[in-house]
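Descriptive analysis of the structure
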2 protein chains.
Amino acid sequence: MSNCCGFNIEELADAFKALSNPNRLQIFQRLVSCCTPGTLCSVEDLNGLCVSELGEDLSVAPSTLSHHIKELQHAGLIKTQRRGKNIDCFVDPEKVELLKQFFNSQ
Amino acid sequence: MSNCCGFNIEELADAFKALSNPNRLQIFQRLVSCCTPGTLCSVEDLNGLCVSELGEDLSVAPSTLSHHIKELQHAGLIKTQRRGKNIDCFVDPEKVELLKQFFNSQ
DNA sequence: ACAACAATTCGACATATCTCGAATTATAGA
DNA sequence: TCTATAATTCGAGATATGTCGAATTGTTGT
């Protein structure tokens, strides 16, 4: 577990890998921007989109979409929660904050 | 060329892909942190490290290191400049700014 | 219990990536 | 010109990734 300047390189690399696929990046971007300005994205606020909504303008098979959601989840970028037949997705604000700080470290 | 919320998804994905490899991320992190605080990273300032210096604590073959440098360059994250036998590397502050803004878009 | 819908798992395939060693190019200095 | 050093290019091999279709699981409503 290599550590550099307070950042865990492996953790960051995993996050960037998850964002390196255009389809996944679009999913993430959509989740980030779906939160109403001024409010935090969190599970409590329920500012999320279900899996099928996230794949609407993506032209990938449901199985591929599911795979991408899991990748984002394993990288710690999003969290999920079942709501009836749907699975809602939410950005993890702490991880986003970590990434912000990385690029702000001069 | 897909565009979302003012961001070019392909461009961002290329940058994240370049940062998704732990070795490349460490190279980038080292370049980012080598700039003296308060100063901008730019070719003019010559606040760079040569290729071999960047690979010192990385335990990869020179050919691999060269490959990674080129990946970072193609993604627009760094710029290079020959100085005698060495090739100096510099972070591109504009690209870093773009990535900052992406994570700051709520 | 059954049908419909949402999502996941699994196996397979094509493609991309990471890495290396060997050979090559570029530069500086004797 | 010759040698040493820095870096790159090239080809190859192992591994990882993106994608799909088919089958399966979980949930709701009839």
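Cut-offs and rules
Residues numbered from 1 in each chain as written. Chains lettered and ligands numbered in written order. Predicted model: local features only at pLDDT ≥ 70, side-chain atom pairs only at ≥ 80, totals over all residues. Heavy atoms only, no water. Near = heavy atom within 4 Å. Polar contact = N/O pair within 3.5 Å; in protein donor to acceptor, adjacent residues only side chain to side chain. Helix = DSSP H or I, 4+ residues; strand = E, 2+ residues; numbered from the N terminus. Nonpolar A, V, L, I, M, F, W, Y, C, P; charged D, E, K, R; others polar. Pairing = 2+ DSSP bridges. Axes fitted to C-alpha atoms, helices over the stretch in contact; angles between N-to-C directions. Parallel < 35°, antiparallel > 145°, perpendicular 65-115°, else oblique. Left-handed = near helix turned anticlockwise from the far one by under 90°. Contact = heavy atoms within 4.5 Å.

1. Focus: the protein's contact with DNA strand D
Taken together, 23 residues lie around DNA strand D, and A:Ala61, A:His68, B:Ser52, B:Ser66 and B:Lys70 are the ones closest in. Take the atoms of DNA strand D that sit within 4 Å of the protein: sugar and phosphate atoms are 74% of them. In this structure, a phosphate oxygen belonging to DNA strand D sits 2.9 Å away from a side-chain N or O atom of A:Thr64. A:His68 is positioned with one of its side-chain polar atoms (N or O) 2.6 Å from a phosphate oxygen of DNA strand D. Counting only elements with at least two residues in the surface near DNA strand D, the list comes to helix H2 (22-33) and helix H4 (62-74) of chain A together with helix H3 (51-54), helix H4 (62-74) and strand E5 (86-91) of chain B. For the surface near DNA strand D, the class distribution of residues is six nonpolar, eleven polar and six charged.

2. Some words on the pairing of strand E5 (residues 86-91) of chain A
Each regular strand carries side chains that alternate between the two faces of the sheet. Residues and elements named next belong to chain A. The sheet contact formed by strand E3 (residues 49-50) and E5 spans two bridges and is antiparallel. Residue pairing in the sheet places Leu49 in a bridge with Cys89 of E5. Note: strand E4 (residues 78-83) against E5, six bridges, orientation antiparallel. From the neighbouring strand, Lys79 faces E5, where its bridge partner is Phe90.

3. Focus on the packing of H2(A) against H4(A)
Residues and elements named next belong to chain A. Relative orientation of the contacting elements H2 and H4 amounts to 70°, with a least axis distance of 10 Å. Between H2 and H4, the angle falls in the class roughly perpendicular. Relative to H4, H2 is oriented so that their crossing is right-handed. Across from Asn23, Arg24, Ile27 and Phe28 in H2, the residues of H4 making contact are Leu65, His68, Ile69, Glu71 and Leu72. Residues that form the contact of H2 with H4 fall into these classes: five nonpolar, two polar and two charged.

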